[in-house]
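# A structural walkthrough
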Amino acid sequence: MMRRWHVPALALLAVFALACEGTGRATPGSSGKPEPTRPATGYPASMVALGDSITAGLGACLAYVACTRNSWSTGDNEAIQSHYQRILDKNDAIKRNADNLATPGAEADALDEQARRAVQLKPQYVTVLIGANDACAGRVQDMTPADTFRKEVDEGLARLRKGLPKARVLVVSIPDLYRLWQVGRENDKAVEIWSRGRICPSMLADPASTADADQRRRESVRDRIDDYNTQLRQACREYGDRCRWDGGAAHRVRFEIGQLNQFDYFHPNAEGQKELAEVVYPGRFTW
């Protein structure tokens, strides 16, 4: 969810990038658990993740960089119990067949290009979580209009539907950033970081302020995210029976401070990624 100006990269931490991100393709760890010898009916043998820094796992390891191994979608860290890991437990054909194309800072207008790349990989399952950056503008008036957001989402989903007509698609709701502010506004460290104005300023600027203008600003962002989620739900419904909406599950999660990374108190840490994986997992893929 990191917008282009929100948090400058911490150059001294970049040396940890390889340890956090790996190759970008999931490779399961060795837990000693027996692997299935036959695929379970209905579980995909390949998957791709699309979206922004949440799915890229920004800050979910030991540095403020993308950490795909801890992604709720394709992560290969067994502690996360990502969708990849859950499917692997049922169908070992997916082993090493999970790609993460999510990009920190991505807005809805990036979805079409991510979808184009996904089509080339020919996955059987695609996860989509995008839209927080469209709301996390420098000013409320700079948020992406809801109709523009819908147009951009439709373009990306249309590319998936045309290029991957048999793939299953999961569209995930945007987390509730207003509730995030409510959880963190009394945490001194979170307030200190948010007060710098580089983390989702439309919502989190002046986090301790109780002024009417600041409250109206936060409510405007909250309402715009509600609008985006309505558009995501409708877009998935219009996609057809190969698309599944998470029912607003991600939006209902109220992350605790202990589930957020300590670099920005905005993105989920490993525990937060695990929670997200759990609440949006569609179970057996009998769509």
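Calculation criteria
- Residues numbered from 1 in each chain as written.
- Predicted model: local features only at pLDDT ≥ 70, side-chain atom pairs only at ≥ 80, totals over all residues.
- Heavy atoms only, no water.
- Axes fitted to C-alpha atoms, helices over the stretch in contact; angles between N-to-C directions.
- Helix = DSSP H or I, 4+ residues; strand = E, 2+ residues; numbered from the N terminus.
- Parallel < 35°, antiparallel > 145°, perpendicular 65-115°, else oblique.
- Contact = heavy atoms within 4.5 Å.
- Nonpolar A, V, L, I, M, F, W, Y, C, P; charged D, E, K, R; others polar.
- Disulfide = S-S within 2.5 Å.
- Buried < 20%, exposed > 50% of the residue type's maximum accessible area, 1.4 Å probe, protein only.
- Core = buried A, V, L, I, M, F, W, Y, C linked by side-chain atoms within 4.5 Å.
- Pairing = 2+ DSSP bridges.
- Phe/Tyr/Trp six-rings, centres within 6.5 Å; stacked < 30°, edge-to-face > 60°.
- Lys NZ or Arg CZ within 6 Å of the ring centre and 35° of its normal.
- Salt bridge = Lys/Arg side-chain N within 4 Å of Asp/Glu carboxyl O.

Contact geometry for helix 7 (residues 177-184) and helix 10 (residues 212-239): axes closest at 8 Å, N-to-C directions at 140°. Taken together, helix 7 and helix 10 sit at an angle that is classed as oblique. Touching Leu177, Tyr178 and Trp181 of helix 7 are Gln215, Arg218, Glu219, Arg222 and Ile225, all from helix 10. When the residues that make up the contact of helix 7 with helix 10 are grouped by side-chain class, the tally is four nonpolar, one polar and three charged.

Another point: the state of the cysteines. Within this structure, the stated rule accounts for three disulfides. Between the sulfur of cysteine 61 and that of cysteine 67 lies a disulfide, 1.8 Å long from S to S. Assigned by exposure class, cysteine 61 and cysteine 67 land together as buried. Between cysteine 236 and cysteine 243 runs a disulfide, and the two sulfur atoms are separated by 2.1 Å. Judged by the sign of its S-S torsion, about -120°, the bond between cysteine 236 and cysteine 243 is left-handed.

The next subject is the nonpolar core. By size, the foremost hydrophobic cluster in this structure holds 51 residues, and its most contacted members are Leu50, Val128, Leu160, Val169, Val171 and Trp194. Broken down by element, the residue count for this core peaks at seven residues, all from helix 10. Among residues more than four places away in sequence, those in contact with leucine 50 are Thr55, Leu101, Ala102, Leu111, Gln114, Ala115, Ala118, Val126, Thr127, Val128, Leu129 and Leu160. In terms of nonpolar packing, the next biggest core, distinct from the first, is built from 19 residues, Tyr84, Leu88, Leu170 and Val280 among them.

Time to look at the sheet that holds strand 1 (residues 47-51). The five strands lie next to each other as 2-1-3-4-5, forming an open sheet whose pairing is parallel. The strands lining the two open edges of the sheet, one partner per strand, are strand 2 (98-100) and strand 5 (243-245). For this sheet, the mean angle separating the axes of adjacent strands, direction not counted, is 15°. Pairing of strand 3 (residues 125-129) with strand 4 (residues 168-171), which is carried by four bridges, proceeds in the parallel orientation.

Turning next to the packing of aromatic side chains. Going through the model one piece at a time under the given rule, you end up with three aromatic pairs. Aromatic side chains phenylalanine 149 and tyrosine 228 sit 4.2 Å apart centroid to centroid with 20° between the ring planes, which places their arrangement in the stacked category. Taken together, the positions of phenylalanine 149 in helix 6 (residues 146-163) and tyrosine 228 in helix 10 put the pair 79 residues apart, joining distant regions of the chain. The pair phenylalanine 149 / tyrosine 228 is uniform in exposure class, with both members buried. With 5.4 Å between their ring centres and 45° between their planes, tyrosine 178 and tryptophan 181 make a pair best called tilted. Note that tyrosine 178 and tryptophan 181 are positioned in helix 7 at a spacing of three residues, about one turn of the helix. Comparing tyrosine 178 with tryptophan 181 shows no difference in burial state: the two are buried. Here the basic side chain of arginine 86 rests over the ring of tyrosine 281, its NZ or CZ set 5.2 Å away from the ring centre.

Turning next to the pairing of strand 4. Within a regular strand, side chains alternate between the sheet's two faces. Going residue by residue along strand 4, you find Arg168 and Leu170 tucked away on one face and Val169 and Val171 tucked away on the opposite face as well. In terms of strand pairing, strand 4 meets strand 5 through three bridges, oriented parallel. If you follow valine 169 over to strand 5, its bridge partner there is cysteine 243.

In a structure, side chains of opposite charge can pair up when their charged atoms sit close to one another. Tallying each qualifying case throughout the model produces 11 salt bridges. Across the pair arginine 86 and glutamate 278 runs a salt bridge whose closest N-O atoms are separated by 2.6 Å. One end of the pair, arginine 86, is in helix 3 (residues 83-88); the other, glutamate 278, is in helix 12 (residues 270-280), with 192 residues separating them in the sequence. Looking at arginine 86, the relative accessible area reads 17%, which means it is buried. Between aspartate 223 and arginine 222 there is a salt bridge; the shortest N-O distance is 3.2 Å. Taking relative accessible area as the criterion, aspartate 223 reaches 36% and is therefore assigned partly exposed.

So yeah, pure geometry; function would need other evidence.
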